[in-house]
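# Fold and geometry: a report
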Amino acid sequence: MKPQELFVDQDIDSGLDIEPVSVTLGARVQGLDVGSDDSQETIDLLHELMLKHHLLVIPNQQLSALELEDFGRRWGELLTHPATKHRDTQYVQWIGSSEEGRQFKFFPGSHPAGGGWHSDMTWHSTPPKYTGLHARRLPSAGGDTIFSNQHKAYETLPPSLKDEIEDKKAFHTGKVFGPDVEDSIHPVVRTHDETGHKALYVNPNFTKYIVGMPSDESEILLFRIFSHFVRPEFTYRHKWNLDDLVLWDNRSVMHYAVADYGERRVMHRIVVQGNVPS
C-alpha cells in the first residue's frame, strides 16, 4: 500500500473553525457539538482530520458519561479497561484523584528514560486505535498532558537505528492491572493500517523487552528509543480547559500525564478498539 500524505496542503471545507495547535501534531476544532451532531458526515470529517493531524482538541463539550460513550461508538467498538470504571457504564473510565490530591495511578512508569510515556493499552492483543479524554474537573494549575508524534520520532531516527529495529518485536505486559490481564507481542515499528506510515510502537510503561535479545542489549536498545521519542520537537503540550474533549490516534501518538498538581482532577476516557499491530 502506498502511504497517503499525512499533512496535506489544502484545507478541509467544513464550515468549522479548524486550526493547528502545534507544528508537529494536533488541531483545534471549534463550532462543533458532538452531543447533538450525530451525522456520519461529522465523523467522516473528524476522521479525515485525525489522519492529517493525529490529535484533535474539541472544546466546550458538555457530555455525560453515557453521551461520551455514544460518541465513542460512532468511531468503532469500545474496549473496557481493568482499572477504574465510571459508575454509569463500564465503557467509560473514570480517571481522577481524591480531594486531598492523591492520584489513582493506573499506568505506572517503569523505565528511567521517559517513564510515564505510553500509548494506551499496548498490552492488549488489539490495542486502541483512538482514545478520547474529556475534562470534567481540573486543578487551578497544572495537570497538562503532553503528546508526542511517533511518525516524526521514527522518521528522525539515525538510519543505523532504523535498520536495527526494523523487524524486531517487543513484549508488552498489562499485569500491573491484575494477574488475568493479557500480555502481547507487537512490532517495535508499527505501520499505520490506514496511511501506511511507520511509527515507533514501544513505550516505557508497558514494554518490557525486545524479543530474542539478551536482556542487557534489549534494555540499551529500548533506552535509545525512549530517549529519542521524548524530544520536545515531536511534542504538543495540552493545557486543559473544563469540558475539553481531546481525541488522538494511539497508532501514531504517545502521551504523558503531568502529575504536578495537588487538587482534584477528574477525566472521563473512552478507547476505541483497533486491529492487531503490524
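Here we summarise the structure given alongside this text. These numbers were taken from a predicted model, which means no experiment stands behind them.

## Here we look at unusual backbone geometry
Positive phi, normally seen in glycine, also occurs at His-54, with a value near 75°. Considering the arrangement of structural elements, one finds His-54 in the loop between α1 (40–53) and β3 (55–58). Unlike most non-glycine residues, Met-121 shows phi in positive territory, near 55°. Looking at where Met-121 falls in the secondary structure, it is placed in the loop between β5 (89–96) and β6 (128–137). Note on Met-121: relative accessible area 2%, which makes it buried.

## A closer look at α1
Compared with an ideal rise of 1.5 Å per residue, which puts 14 residues at 20 Å, α1 spans 20 Å between its outermost C-alpha atoms and is within 8% of the ideal. Within α1, the full set of buried residues consists of Thr-42, Ile-43, Leu-45, Leu-46, Leu-49, Met-50, Leu-51, Lys-52 and His-53. In this fold, the buried residues of α1 make contact with β1 (17–20), β2 (27–30), β3, α2 (65–73), β6 and β14 (245–249). Looking one or two places after α1, you find His-54, whose phi comes out positive at around 75°.

## A short note on the packing of aromatic side chains
Applying the stated rule across the entire model yields 10 aromatic pairs. With a centroid separation of 5.7 Å and an interplanar angle of 35°, the aromatic rings of Trp-117 and Tyr-256 are classed as tilted. Of the two residues, Trp-117 sits in the loop between β5 and β6 while Tyr-256 sits in strand β15 (residues 253–257), which places them 139 residues apart along the sequence. Residue Tyr-256 is classed as partly exposed on the basis of its relative accessible area, which comes to 26%. Aromatic pair Phe-226 and Phe-229: ring centres 5.9 Å apart, planes at 70°, arrangement edge-to-face. On the criterion of helical spacing, the pair formed by Phe-226 and Phe-229 is a turn pair, its members being 3 residues apart in helix α5 (residues 215–229). Phe-229 shares its class with Phe-226; the two are buried. Each residue in the set Trp-117, Phe-226, Phe-229 and Tyr-256 is aromatic and connected to the rest through ring pairs, giving one cluster. Geometry around Tyr-201 places Arg-190 over its ring, the cationic atom sitting 4.9 Å from the centre.

## Here's the deal with the sheet that holds strand β16 (residues 266–273)
Read across the open sheet, the 8 strands follow the order β1-β2-β3-β14-β6-β16-β5-β4; overall the sheet is mixed. Both edges of this open sheet fall to β1 and β4 (85–86), since each of them pairs with a single strand only. Pairing of β2 with β3 involves 2 bridges; the strand directions are parallel. Residue Arg-28 lies in a different strand from β3, and its bridge partner there is Val-57. Where α1 meets the sheet, its contacts fall on β1, β2, β3, β6 and β14, and the angle it forms with β3 comes to roughly 125°. α2 rests against β4, β5, β6, β14 and β16 of the sheet, and its axis sits at about 115° to β5.

Rules and cut-offs
- Residues numbered from 1 in each chain as written.
- Predicted model: local features only at pLDDT ≥ 70, side-chain atom pairs only at ≥ 80, totals over all residues.
- Heavy atoms only, no water.
- Helix = DSSP H or I, 4+ residues; strand = E, 2+ residues; numbered from the N terminus.
- Buried < 20%, exposed > 50% of the residue type's maximum accessible area, 1.4 Å probe, protein only.
- Expected span 1.5 Å × (residues − 1).
- Contact = heavy atoms within 4.5 Å.
- Phe/Tyr/Trp six-rings, centres within 6.5 Å; stacked < 30°, edge-to-face > 60°.
- Lys NZ or Arg CZ within 6 Å of the ring centre and 35° of its normal.
- Pairing = 2+ DSSP bridges.
- Axes fitted to C-alpha atoms, helices over the stretch in contact; angles between N-to-C directions.

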